[in-house]
Amino acid sequence: MADAHPVIQVTGSGPVALAFALFALRQGVDRGRLRLERRDELLPAALAARQLALSLGSWQLLQRIARPPAAAPIATVDVSVTGHAGRTRISAAQMGAPALGYVVRYAPLLEALRDAAREAGLLDAPGRDAGEAPSAGLRIHAEGDAGEDASVLDFDQAALLAEVEAELAHGTTAWECFTREGPLALLPLPEPRRYSLVWCASPAQSRRRAALDPAALAAELQDAFGWPLGRLAIASPCFVAPMVRRTRREVVRGEEAWIGNAAQALHPVAGQGLNLGLRDAFELSRSLA
């Protein structure tokens, strides 16, 4: 007879894997059934510094399972198109919401979820070392890789990622400007006058800009974005990320399921990658419970 309460093996050690385990525990899954993968490697610098935009719904889900890290609320989104008059503004007040979303850094978010998992006893339970064969039962893939059989769409773009210091303070406004090369976004960070830059262009153009000295890069950014925030200065190292959408063709197979970036990795300008991952984790945990 099949076990009515099989072990649930979670592959992955990032935010979606941890969130799934915490959601499952909250939904009533016995802690003894949950097995989290153990990984102690250091985060790559580009990943640790990455900024994430969480929707209000994702923020509310996160608050159920962890103490959220320092975050910048997004009260207004300002959308413009280079070379065209006018702009669109969307505000939380119009929606009757406390905020449209929140911006957090990856490393503090991961640490907050690890703390919650540690307090819940999930990290003390028997786990599985990376690369070790899984035990029998259910296997949830949240390792962030859609695999070799994924459907791939290459946008022939790359995103220049950095942090920017602004002269003026508009700390609750997220700015998105659609340029001839691609989207350019400045998202507020928890520190005053600090913004996360996501600047999309061709891979060659993004690499060229990343190699510029900070003053030259700031001058190009100023030309592209304008002066709504006053003078801009580059305030961190720059990273370049390729813009590729990877979608797994099969997200459920037998006793296995794929969630988060293991199921779909999207263009980051839409800000939906982790939002979809948290929703995957929540809905799957609810179904299993």
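For the structure, check the block above.
These numbers come from a predicted model, not from an experiment.

A. Main features of the overall build of the protein chain. The number of helices and strands found in the protein chain is 8 helices and 18 strands. For 289 residues, the compact-globule formula gives about 19 Å, and the C-alpha radius of gyration of the protein chain, at 20 Å, lands near that figure. For the C-alpha atoms alone, the extent of the protein chain along its principal axes is close to 70 × 40 × 30 Å. Looking at the 289 residues of the protein chain, the share that counts as buried comes to 45%. Considering only intrachain contacts with a sequence separation of at least 6, the fraction spanning at least 24 residues in the protein chain is 76%. Accessible surface computed for the protein chain: about 14,000 Å², of which carbon and sulfur atoms make up 53%.

B. Highlighting the pairing of strand β13 (residues 194-201). Buried residues dominate β13, accounting for 7 of its 8 residues. Pairing between strand β10 (residues 151-166) and β13: 8 bridges, direction antiparallel. The residue bridging alanine 162 from the neighbouring strand is leucine 197, located in β13. With 5 bridges connecting them, strand β12 (residues 183-188) and β13 associate as antiparallel partners. Within β13, the residue paired with proline 188 across the bridge is tyrosine 195.

C. Broad picture of helix α1 (residues 15-26). Between its first and last C-alpha atoms α1 spans 16 Å; for 12 residues at 1.5 Å apiece the expected length is 16 Å, and the two agree. Every buried residue of α1 is accounted for by Pro15, Val16, Ala17, Leu18, Ala19, Phe20, Ala21, Leu22, Phe23 and Ala24.

D. View of helix α8 (residues 273-288). Taking 1.5 Å as the rise per residue, α8 with 16 residues should run 22 Å; its terminal C-alpha atoms sit 23 Å apart, in good agreement. Among all positions of α8, only Leu274, Asn275, Gly277, Leu278, Ala281, Phe282, Leu284 and Ser285 are buried. Where the residues of α8 are buried, they touch α1, β3 (51-55), α3 (56-65), α5 (106-119), β9 (138-141) and β17 (256-258).

E. Main features of the sheet that holds strand β4 (residues 72-74). The 3 strands lie next to each other as β3-β7-β4, forming an open sheet whose pairing is antiparallel. Looking at strand neighbours, the two that pair on one side only are β3 and β4, the edges of this open sheet. Within this sheet the neighbouring strands show an average axis-to-axis angle of 30°, counted without direction. Note: β4 against strand β7 (residues 101-105), 3 bridges, orientation antiparallel. Counterpart to alanine 72 in the pairing with β7 is valine 103. Those strands touched by α5 are β3 and β7, and its axis lies near 95° from that of β7.

Analysis parameters
Residues numbered from 1 in each chain as written. Predicted model: local features only at pLDDT ≥ 70, side-chain atom pairs only at ≥ 80, totals over all residues. Heavy atoms only, no water. Helix = DSSP H or I, 4+ residues; strand = E, 2+ residues; numbered from the N terminus. Rg over C-alpha atoms; globule rule 2.2 N^0.38 Å. Buried < 20%, exposed > 50% of the residue type's maximum accessible area, 1.4 Å probe, protein only. Contact = heavy atoms within 4.5 Å. Areas by Shrake-Rupley, 256 points an atom, 1.4 Å probe, with all protein chains shown as cover. Pairing = 2+ DSSP bridges. Expected span 1.5 Å × (residues − 1). Axes fitted to C-alpha atoms, helices over the stretch in contact; angles between N-to-C directions.

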